[in-house]
Amino acid sequence: MSDLLIKLSGSRFGAGVVKLLGMPAPVELARSAGPYAEQPLAGKNILLGRSQNGYAIDRLWQIARDAGALPLETTGVKPDILVMDATGCASPSDYRALYDFFHPQMRAIARNARVLIVAALPAESRDPVAAAAARGIEGFSRSLAKELGPRGATVNLAYVAKDAVDRLAGAVHFFCGVQTTYVTGQAVHVTSQVAAPASLVQHGVLKAKVALVTGSARGIGRATAQRLAQEAVQVICVDVPAASDALHRTCREIGAIPLLLDITGPGAPRQLADFIKERFGRLNILVHNAGITRDKTLANMQEQSWDQVVDINLSAVMAIDQVLLAENILRDEARLVYLSSISGVSGNFGQTNYALTKAALIGYVAAQAPLLAARGICINAVAPGFIETAMTQKMPFMAREIGRRLNSVKQGGQPRDVAELVTFLCTPGACGISGETIRVCGQGLVGA
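Everything in this summary refers to the structure shown in the same document. (Residues numbered from 1 in each chain as written. Predicted model: local features only at pLDDT ≥ 70, side-chain atom pairs only at ≥ 80, totals over all residues. Heavy atoms only, no water.)

1. Some remarks on the sheet that holds strand β8 (residues 234-239)
In step 1: Spatially, seven strands are ordered β9-β8-β7-β10-β11-β12-β13 in an open sheet, and the strand pairing comes out parallel. Unpaired on one side and paired on the other, β9 (257-260) and β13 (437-440) mark the two borders of the sheet. Pairwise comparison of adjacent strand axes, ignoring direction, gives a mean angle of 20 degrees for this sheet.
In step 2: Summarising the sheet, strand β7 (residues 210-214) and strand β10 (residues 283-288) pair through three bridges and their orientation is parallel. Pairing of alanine 211 across the sheet is with isoleucine 285, part of β10. (Pairing = 2+ DSSP bridges. Helix = DSSP H or I, 4+ residues; strand = E, 2+ residues; numbered from the N terminus. Axes fitted to C-alpha atoms, helices over the stretch in contact; angles between N-to-C directions.)

2. As for the packing of helix α6 (residues 168-175) against helix α15 (residues 415-425)
In step 1: Running from N to C, α6 and α15 point in directions that differ by 165 degrees, and their axes come no closer than 11 Å. Between α6 and α15, the angle falls in the class roughly antiparallel. In this structure, the crossing between α6 and α15 has a hand that is right-handed. Contacts between α6 and α15 pair Gly170, Ala171 and Phe174 from the former with Glu420, Leu421 and Phe424 from the latter. (Parallel < 35°, antiparallel > 145°, perpendicular 65-115°, else oblique. Left-handed = near helix turned anticlockwise from the far one by under 90°. Contact = heavy atoms within 4.5 Å.)

3. Some remarks on the sheet that holds strand β2 (residues 70-71)
In step 1: Pairing in this open sheet of six strands is parallel, and the strands run β2-β1-β3-β4-β5-β6 from one edge to the other. Edge strands, defined here as strands with exactly one partner in the open sheet, are β2 and β6 (187-190).
In step 2: The pairing of strand β1 (residues 45-50) with β2 spans two bridges and is classified as parallel. Among the inter-strand pairings, asparagine 45 is bridged to a residue of β2, identified as leucine 70.

4. Some points on unusual backbone geometry
Backbone phi values are negative for most residues with the exception of glycine, while trans is the configuration of most peptide bonds.
In step 1: For asparagine 112, which is not a glycine, the phi torsion comes out positive at approximately 60 degrees.
In step 2: Secondary-structure assignment places asparagine 112 in the loop between α4 (96-102) and β4 (114-120).
In step 3: Residue asparagine 112 is classed as buried on the basis of its relative accessible area of 19%.
In step 4: Positioned with a positive phi, glutamate 333 is a non-glycine residue whose angle comes to about 70 degrees.
In step 5: Turning to its location among the elements, glutamate 333 is positioned in strand β11 (residues 330-339).
In step 6: Classification of glutamate 333 by relative accessible area gives partly exposed; the value is 39%. (Buried < 20%, exposed > 50% of the residue type's maximum accessible area, 1.4 Å probe, protein only.)

5. So, the packing of helix α7 (residues 219-230) against helix α8 (residues 244-254)
In step 1: Taken N-terminus to C-terminus, the directions of α7 and α8 make an angle of 15 degrees; their axes are 10 Å apart at the nearest point. Put simply, α7 runs roughly parallel to α8. Classified by chirality, the crossing of α8 by α7 is right-handed. Facing α7, whose interface residues are Arg222, Ala225, Gln226 and Ala229, α8 presents Thr250, Glu253 and Ile254.

6. A word on the pairing of strand β5 (residues 154-160)
Two faces make up the sheet, and in a regular strand the side chains alternate between them.
In step 1: Taking burial as the measure, the seven residues of β5 include seven buried ones, the bulk of the element.
In step 2: Relative to β5, β4 is paired through seven bridges, and the arrangement is parallel. Its bridge partner lying in β5, alanine 119 is registered against tyrosine 159.
In step 3: What joins β4 to β5 is helix α5 (residues 128-148), and the crossover it makes is right-handed.
In step 4: One ladder, built from four bridges, connects β5 with β6; its direction is parallel. Paired with leucine 157 across the strands is alanine 187, a residue of β6.
In step 5: A crossover connection joins β5 to the parallel β6 through α6; in handedness this β-α-β unit is left-handed. (Right-handed = clockwise from strand over helix to strand, strands pointing away.)

7. Observations concerning a positive patch on the surface
In step 1: A surface patch of positive charge is lined by Arg218, Arg249, Arg252 and Lys394.
In step 2: Inspection of the secondary structure assignment puts arginine 252 in helix α8.
In step 3: A relative accessible area of 62% means that arginine 252 is categorised as exposed. (Patch = residues over 30% accessible without salt bridge, like charges linked within 9 Å, V, L, I, M, F, W, Y side chains within 5 Å. Areas by Shrake-Rupley, 256 points an atom, 1.4 Å probe, with all protein chains shown as cover. Salt bridge = Lys/Arg side-chain N within 4 Å of Asp/Glu carboxyl O. Lys, Arg positive; Asp, Glu negative; His and termini not counted. Charge placed at Lys NZ, Arg CZ, Asp CG, Glu CD.)

So, in structure tokens, the structure goes:
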């Protein structure tokens with residue numbers, strides 16, 4: 001569904017009306033329509049800075065050059081990308097490096113710019129002052145994201161362990177690239193806990209991998225299947241028999257394999273495992289997207305509504321995983337991604353059942369991550385905010401408008417935006433990121 005406010009803001013007459021009414025003027029967000037490029041930052045003007053004693057700057061420069069970014073040397077040119085190595089911030093006085101780097105650029109930063117700050121991992125410091133200094137950068141990055149959001153710019157933070165600096169390429173490519181459109185104000189941890197794959201490049205590495213995406217007939221699941229297929233992944237699309245027409249249509253469009261299955265059925269995990277073994281042997285990528293809502297206040301909620309949400313959103317997920325892991329159907333270096341929700345982060349009125357399951361998934365991936373690390377398997381959750389889907393189209397006009405504007409970029413996201421993050425987390429380059437929950441919400445003000 002189109003956003004009328006974006007259209008108005010983009011025209012000379014409409015922009016005047018929007019300003020007169022005191023309404024936000026959201027910018028058109030930059031997005032990619034194709035697969036990963038060999039040089040994802042090609043032609044982008046990049047400015048790099050560092051704090052004293054920062055230990056990531058040399059690696060960051062190398063990544064930027066290899067990705068095709070152009071060092072910004074000409075005054076008056078707006079930076080497309082700003083990267084700050086803040087790993088040397090170990091005391092309050094070191095924060096001045098942040099001010100000195102960003103302050104002169106604040107009015108020059110281009111629309112749809114990308115900002116990435118790299119900080120030391122607080123848990124690695126035995127000095128409480130240094131740990132606090134590292135953690136404080138998260139407050140800075142989230143606040144900066146809110147200042148730059150109206151321009152369509154994103155700001156994200158990567159905490160990096162000292163022995164994981166060589167794993168930063170994937171994070172730089174994603175958080176400095178066009179694919180991070182609706183991911184802003186986030187903090188991820190890049191560590192060496194997961195065994196590293198032989199190659200950390202992004203371009204072409206997913207070709208011929210086998211992925212299974214549940215709930216893929218429509219919406220975010222469909223967009224995820226489409227995006228993975230763009231990277232030459234062989235996708236198995238799973239959805240309920242009632243969605244047969246939509247599922248087969250999606251599969252025809254992208255060359256995927258349909259599997260009609262109610263994942264809550266008593267024999268569903270067995271049927272799923274047998275299907276994978278017969279057709280492909282094993283699985284490289286598993287995306288648990290299937291889920292439902294049955295919204296009511298707890299006082300008015302029927303038992304059936306409670307049980308359906310728990311069964312589909314959580315119990316079925318764990319039952320499937322149990323079989324796939326026990327029978328070694330998930331390959332070493334596999335990637336597991338679970339669709340959580342902003343409701344799982346902050347709760348939501350009338351969604352005690354839904355928020356319960358989505359919060360449980362956050363805890364589940366955090367607990368599973370260290371158990372799967374030795375096999376090189378990464379497991380993460382993605383928490384979408386207000387995404388323009390068939391469900392949001394049915395919302396009352398005012399509720400939909402409020403939902404769209406309650407974030408730093410003042411607009412709703414697209415299913416493709418979620419699919420971009422999911423796809424990144426499925427790449428070898430994301431091997432430093434596991435056990436995390438990353439929001440795709442434009443830095444929604446609720447739970448931000």
